[in-house]
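Observations on chain architecture
Listed below are the residues making up each chain.
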Amino acid sequence: MTTIETVRGPVAIDVLKTVLMHEHVFVLDEEMRRNYPELWDEEQVVAEAVEKLKGLAALGVSTIVDPTVVGLGRDVARVARVNAQVDINIVVATGMYTLADVPLLFRFYGPDTLLGGEEPMVGMFVKDLTEGIADTGVRAAFLKCAIEESLTPGVERVMRAVAQAHLITGAPIVVHTSAAHRTGLIAQEVFRREGVDPGALVLDHSGDTDDLDYVRQMIDQGSYVGMDRFGLDLYLPGDQRVANVVRLVGEGLADRLMLSHDASCHIDWFPPGVREQVAPNWHFSHIHQEVLPALRGAGVGEKEITTMLVDNPRRFLSQGRP
Ligand SMILES: [Zn+2]
């Protein structure tokens, strides 16, 4: 049987069951944390993460897919410490999160740089997928990159490195996109040019818009789309998010939709307490407690809910697996 790499090691794909396709354990600036340790209480954040993930598991979620890569403070050893205390599968990523430039580390060497040469990111990503991340022994199960407003040279360079690592390993690709700037279509085009099958892509944050023609266009070309910011009503109110999923399911497109929150156990992008105030629904329980009842109430069947929460993640993550 096909196996999938998780923080606790490879598991049979049947074990994944109900999956939230885009949730973070920790999002933080590691350099700030090291230099301003007063911003961080390691024991407290780990304990809080354990409690939050226990709550999620109690709702029947057996797996989260965590697209935290370099640029978002990835530390798989810390995630493993959490996972040792809570029974949930955590699937982790390799790749690079930048909305503009490559990290300065890559500024002077690699393609189209002063010193030129091969792209060093490709080997790093492949190592994370095939040997393990740092010294943890935990293997990444997918690749991740980002595009926000436009295809900057740095964004394109990372995208091409991710495409090359995909062509070597077969690992599927999650792309942070901006629905407001319709950049999912740009990502799709860059990956197509690099020889990547659009079915290997989830174009994330596509649920942030009412422009369903944009969403359908990405689906028509064969990609999955992430309806994955439930609870983040600042971008699009929850009832509109629900209505859009209902509409797309009604058009027979459930097999391309991924449901998630893009929430985190801990994120340092907001001052303490502010996230809870400005986005009170943005937490791990929102889909099971509010969104699924709303979808059912609007006529979405159990079969389609299973398609979105079980079958699609399973089909997506099994790509490139023996
Ligand atoms: Zn995210």
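The following paragraphs examine the structure supplied in this document. (Residues numbered from 1 in each chain as written. Predicted model: local features only at pLDDT ≥ 70, side-chain atom pairs only at ≥ 80, totals over all residues. Heavy atoms only, no water.)

This part is about the pairing of strand β1 (residues 3-6). Side-chain positions along a regular strand alternate between the two faces of the sheet. In terms of strand pairing, β1 meets strand β2 (residues 9-12) through four bridges, oriented antiparallel. Bridging across to β2, Ile4 finds its partner in Val11. (Pairing = 2+ DSSP bridges. Helix = DSSP H or I, 4+ residues; strand = E, 2+ residues; numbered from the N terminus.)

This brings us to the environment of Asp208. Positionally, Asp208 belongs in the loop between β9 (201-204) and α7 (212-220). For the pair Asp208 and Ala263, spaced 55 residues apart in sequence, the C-alpha to C-alpha distance is 14 Å. Other than its neighbours up to four places away in sequence, Asp208 contacts Ala179, Arg229, Tyr235, Leu236 and Arg241. At a separation of 2.9 Å, a polar atom in the side chain of Asp208 contacts the side chain of Arg241. (Contact = heavy atoms within 4.5 Å. Polar contact = N/O pair within 3.5 Å; in protein donor to acceptor, adjacent residues only side chain to side chain.)

Let us now look at the nonpolar core. Grouped together as the largest cluster of nonpolar side chains are 84 residues, with contacts concentrated most on Phe26, Leu53, Val175, Phe191 and Leu259. Non-local contacts of Phe26, meaning those with residues more than four positions away in its chain, are made with Trp40, Val45, Val46, Ala49, Thr68, Leu72, Arg78, Val79, Val82 and His266. Ranked by size, the runner-up nonpolar core spans 23 residues in total, among them Ile4, Val19, Val69 and Ala141. (Core = buried A, V, L, I, M, F, W, Y, C linked by side-chain atoms within 4.5 Å. Buried < 20%, exposed > 50% of the residue type's maximum accessible area, 1.4 Å probe, protein only.)

Time to look at the packing of aromatic side chains. Within the structure shown, the criterion is met by four aromatic pairs. Here the aromatic rings of Phe26 and Trp40 are separated by 6.2 Å at their centres, their planes lie at 70 degrees, and the arrangement is edge-to-face. A residue pair is termed long-range when its members are at least 10 positions apart, and Phe26 in strand β4 (residues 24-27) and Trp40 in the loop between α1 (30-35) and α2 (42-58) qualify at 14 residues. Of the two residues, Phe26 and Trp40, neither departs from the other in class, the shared state being buried. Ring centres of Phe106 and Tyr109 lie 6.3 Å apart, and the angle between their planes is 45 degrees; on these two criteria the pair is classed as tilted. (Phe/Tyr/Trp six-rings, centres within 6.5 Å; stacked < 30°, edge-to-face > 60°.)

We now examine the coordination of the zinc ion. For the zinc ion, every protein donor is listed as His22 (NE2), His24 (NE2) and Asp262 (OD), and the spread of their distances is 2.1 Å. Mapping the donors of the zinc ion onto the primary sequence gives the spacing H-x1-H-x237-D. Separated by 240 residues along the polypeptide, His22 in the loop between β3 (19-20) and β4 and Asp262 in the loop between β11 (257-259) and β12 (264-267) bring together distant segments of the chain. The residues His22 and Asp262 share a single accessibility class, namely buried. (Donors = N, O, S within 2.8 Å, 3.2 Å for Na, K, Ca; no water.)

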